[in-house]
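# Coordinate inspection notes
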Amino acid sequence: MKIIMLGAPGAGKGTQAKMIAEKYSIPHVSTGDIFRANIKNGTDLGKEAKSYMDKGELVPDELTVRILLDRVAQEDCKNGYVLDGFPRTIPQAEVLQSELNKQGTDVDFAINVDVPDENIIKRMSGRRACVTCGATYHIEHVPPKTEGICDKCGSELILRDDDKEETVKNRLSVYHDQTQPLIDFYSAKGVLKNVDGTVDMMDVFNAITNILG
Ligand code: ADP
Ligand code: AMP
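Residue positions are given per chain, counted from 1 along the sequence in the order it is written. Ligands are numbered from 1 and chains lettered from A, in the order in which they are written. Two thresholds apply to this predicted model, a pLDDT of at least 70 for residue-level local features and 80 or more for giving and counting side-chain atom pairs, whereas whole-chain, interface and lining totals are computed over all residues. Side-chain measures here rest on the full set of heavy atoms in the structure, leaving out hydrogens and waters.

### Some remarks on the overall build of the protein chain
For clarity, the threshold we go by: Numbering of helices and strands runs from the N terminus; a helix is a DSSP stretch of H or I covering at least four residues, while a strand is a stretch of E covering at least two. All radius of gyration figures rest on C-alpha atoms, and the globule criterion is 2.2 Å times the number of residues raised to 0.38. Note on definitions: a residue-residue contact is assigned when non-hydrogen atoms from the two residues lie within 4.5 Å. Per-residue and other accessible areas were derived by the Shrake-Rupley procedure at a 1.4 Å probe size, with only the shown protein chains allowed to occlude residues.
Along the protein chain, the regular secondary structure elements total 9 helices and 8 strands. Taking 2.2 N^0.38 as the reference for a compact globule, 213 residues should give roughly 17 Å; the C-alpha atoms of the protein chain span a radius of gyration of 16 Å, in line with that estimate. Across its three principal axes, the protein chain shows a C-alpha extent of roughly 45 × 40 × 35 Å. Within the protein chain, residue pairs in contact and separated by at least 24 positions form 69% of the contacts whose partners lie at least 6 positions apart. Only carbon and sulfur atoms are counted for the fraction: they give 48% of the accessible area of the protein chain, which is about 10,700 Å².

Here's what the structure looks like:
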């Protein structure tokens, strides 16, 4: 099963993608996580990606598509995957589409997690991410057992640089300009499913599993 998560930054794509990956035994592939891992390891890719991410802009398509195609070519992706944060532009979606067509396969579901802008800023300022394993929390909605410490691996939790209010505003405007058109793209392909992302995260997950079966 090949699933794409659509939605604004902070809509809950990562939260839901992790649960989908576990339930359906497919890998969770997040381009944001791949970039952050490269930043942490000080790679050239990480240095280049960081210059865009810190401003709330998109990493150029060419670079992003290359790392995504490398990732989904790996053995663990052969029975499907859930993409979180990719595609984010029409050209990215077109490259993915032509790669899948070459392999005689297709996207099965594009799940749009719908959350209005006014909820997003609040969500992002409360998001905390683990510096080591990438697990995410929310100070009100999903607090860790011990403040500032990851339940899963015991590392420090931080507010991502790009979750600061000014950057979030820019990310939202980039989302509306460049990513939102993907809703029409996948709707035209007949694979778009909308879910209300403002409700409790388990209710969002139930709506998604009803769709995926
Ligand atoms: P995205 O991957 O779309 O950027 P995340 O999954 O990281 O978003 O979620 C953003 C923040 O909102 C996180 O702090 C997360 O814990 C919280 N969150 C996710 N889903 C919900 C929900 N349904 N209700 C309230 N908070 C949520
Ligand atoms: P995310 O973790 O998905 O919120 O992504 C964090 C940041 O990484 C984004 O604001 C972009 O700068 C960059 N990024 C992640 N995925 C993509 C993508 N598919 N295309 C371009 N930039 C991306």
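### Some words on the site of ligand 1
To keep things clear, this is the line we draw: A cutoff of 4 Å decides nearness: a residue is near a molecule or strand if any of its heavy atoms lies inside that distance of it. Here a polar contact means two N or O atoms within 3.5 Å. Within protein one must be a hydrogen donor candidate and the other an acceptor candidate, and residues neighboring in sequence count only if both atoms are side-chain atoms. When residues are grouped by polarity, Ala, Val, Leu, Ile, Met, Phe, Trp, Tyr, Cys and Pro land in nonpolar, Asp, Glu, Lys and Arg in charged, and all others, Gly among them, in polar.
Surveying the vicinity of ligand 1 reveals 19 residues, the closest of which are Gly10, Gly14, Thr15, Arg127 and Val199. Note that an oxygen atom of ligand 1 is positioned 2.8 Å from one of the backbone N or O atoms of Gly14. Contacts to ligand 1 include Thr15, whose side-chain N or O atom sits 2.6 Å from an oxygen atom. Coverage of ligand 1 by the protein amounts to 93% of the 560 Å² it exposes when considered alone. Put simply, the parts of the chain that give the shell around ligand 1 at least two residues each are helix H1 (13–24), strand S6 (136–138) and helix H9 (201–212). If you tally residues by element for the shell around ligand 1, the top one is H1, at 3 residues. Each residue belonging to the shell around ligand 1 can be placed in one class, and the counts come to 8 nonpolar, 7 polar and 4 charged.

### What to know about the side chain of Arg160
The test is simple: For every residue, the accessible area obtained with a 1.4 Å probe (protein chains only) is divided by the maximum for its type, and the residue is called buried under 20%, exposed over 50%, and partly exposed between those limits.
Looking at where Arg160 falls in the secondary structure, it is placed in the loop between strand S7 (157–158) and helix H7 (165–179). What makes Arg160 buried here is its relative accessible area of 11%. Looking at Arg160, its side chain comes within polar contact range of the side chain of Asp162, at 3.0 Å. Excluding its chain neighbours within four sequence positions, the residues that come into contact with Arg160 are Arg36, Arg127, Ala129 and Arg171.

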